[in-house]
Amino acid sequence: MASDFGELVAIAQAIGAELYQRINKKLDSRPQLKLGVVILIIGFCLIFGGRTAAWMFSGQTETPLGKVVGTVRLDGNPVSAATVEFTPDEGSTSYGITNSKGRYALQYLPDRPGAVTGHHTVRITTYDWRTTKDGNKIEVPERLPLRYNQDSTLRVDVTSGSQTLDWELTSQ
């Protein structure tokens, strides 16, 4: 067994050289097959090289986002510490968390505010788990009716640009 990387490289080179000689010897007696293999290898290199170049030099396509902010109220009162989730028909979900005044701003990615443009199902929940200083988990119960989260009936269309989407929820 090889004891260092240099020996492994030398072994791999020796195996590669031996395989090359054997294949070359067999192909020498069959020139048409040799030409076919060469054309196949060149074609593969052209396709692979072309796709790599296209990938490297093409501009990244940005996901179209709309900036979304708003307020969540339950029976006229602001809902704090609620998670607001916009799930598009196609694409990734955006999230926001309400502050003490019920205000939220959606984030598509940590460094990209907004939500994918298009039709969304909206879920708003206060259910959570909190970890105490001693490491125990405490369940924070849901304060909102299921029709706003688990069985959400909330739908909205997000457009490009900025928009304010307020949610006036009722407990009844």
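The structure we're discussing is the one just above.
Not measured: the values here are computed from a predicted model.

(A) Quick peek at the pattern of salt bridges. Following the criterion strictly, the structure yields four salt bridges and no others. In this structure, E18 and R22 form a salt bridge, with 2.9 Å as the shortest nitrogen-oxygen distance. Highlighted residues: E18 and R22, both in helix α1 (residues 5-28), separated by four residues, approximately one helical turn. The shortest N-O distance in the salt bridge between R130 and D128 comes to 3.4 Å. Residue R130 is classed as partly exposed on the basis of its relative accessible area of 40%. Among the residues examined, D128 registers a relative accessible area of 31% and is labelled partly exposed.

(B) Focus on unusual backbone geometry. Positive phi is not limited to glycine here, since D75 has a value of about 55°. A relative accessible area of 43% means that D75 is categorised as partly exposed. Look at A81: it is not a glycine, yet its phi comes out positive at around 55°. Inspection of the secondary structure puts A81 in the loop between β2 (77-78) and β3 (83-88).

(C) Structural view of the pairing of strand β10 (residues 128-131). Bridging between β10 and strand β11 (residues 137-140) involves four bridges; their strand directions are antiparallel. When the bridges of β11 are listed, D128 appears paired with V140.

(D) Summary view of the nonpolar core. If you look at the biggest cluster of nonpolar residues, it comprises 20 residues, and the most contacted ones within it are F86, Y104, I124, W167 and L169. Going through the elements one at a time, β1 (65-74), β3, β9 (118-125), β12 (154-158) and β14 (167-169) are the ones with two or more residues in this core. Every residue in contact with L169, bar those within four places of it in the chain, is listed here: V72, R73, L74, D75, I124, L144, Y148 and L154.

(E) Structural view of the packing of aromatic side chains. Using the criterion set out here, one finds three aromatic pairs in the structure. Ring geometry for F44 against F48: centres 6.1 Å apart, planes inclined by 10°, an arrangement best described as stacked. Linking F44 with F48, this pair stays in helix α2 (residues 31-57), spanning four residues, or about one helical turn. Comparing F44 with F48 shows no difference in burial state: the two are exposed. Relative to W129, the ring of Y127 lies with its centre 6.4 Å away and its plane at 85°, an arrangement referred to as edge-to-face. Assessed through its relative accessible area of 37%, Y127 is described here as partly exposed. Among the residues examined, W129 registers a relative accessible area of 44% and is labelled partly exposed.

(F) Broad picture of the side chain of T93. Mapped onto the fold, T93 is located in the loop between β3 and β4 (94-97). Within the local environment of T93, its side chain forms a polar contact with the side chain of T87, the two groups lying 3.4 Å apart. Those residues within four positions of T93 in sequence are excluded, and the remaining contacts are E85, F86, T87, P88 and Y108.

(G) Spatial organisation of a nonpolar patch on the surface. Judged by side-chain polarity, I11, I15, L19 and I23 come together as a nonpolar surface patch covering roughly 380 Å² of accessible area. Take L19: it is sitting in helix α1.

The rules behind each value
- Residues numbered from 1 in each chain as written.
- Predicted model: local features only at pLDDT ≥ 70, side-chain atom pairs only at ≥ 80, totals over all residues.
- Heavy atoms only, no water.
- Salt bridge = Lys/Arg side-chain N within 4 Å of Asp/Glu carboxyl O.
- Helix = DSSP H or I, 4+ residues; strand = E, 2+ residues; numbered from the N terminus.
- Buried < 20%, exposed > 50% of the residue type's maximum accessible area, 1.4 Å probe, protein only.
- Pairing = 2+ DSSP bridges.
- Core = buried A, V, L, I, M, F, W, Y, C linked by side-chain atoms within 4.5 Å.
- Contact = heavy atoms within 4.5 Å.
- Phe/Tyr/Trp six-rings, centres within 6.5 Å; stacked < 30°, edge-to-face > 60°.
- Polar contact = N/O pair within 3.5 Å; in protein donor to acceptor, adjacent residues only side chain to side chain.
- Patch = residues over 30% accessible without salt bridge, like charges linked within 9 Å, V, L, I, M, F, W, Y side chains within 5 Å.
- Areas by Shrake-Rupley, 256 points an atom, 1.4 Å probe, with all protein chains shown as cover.

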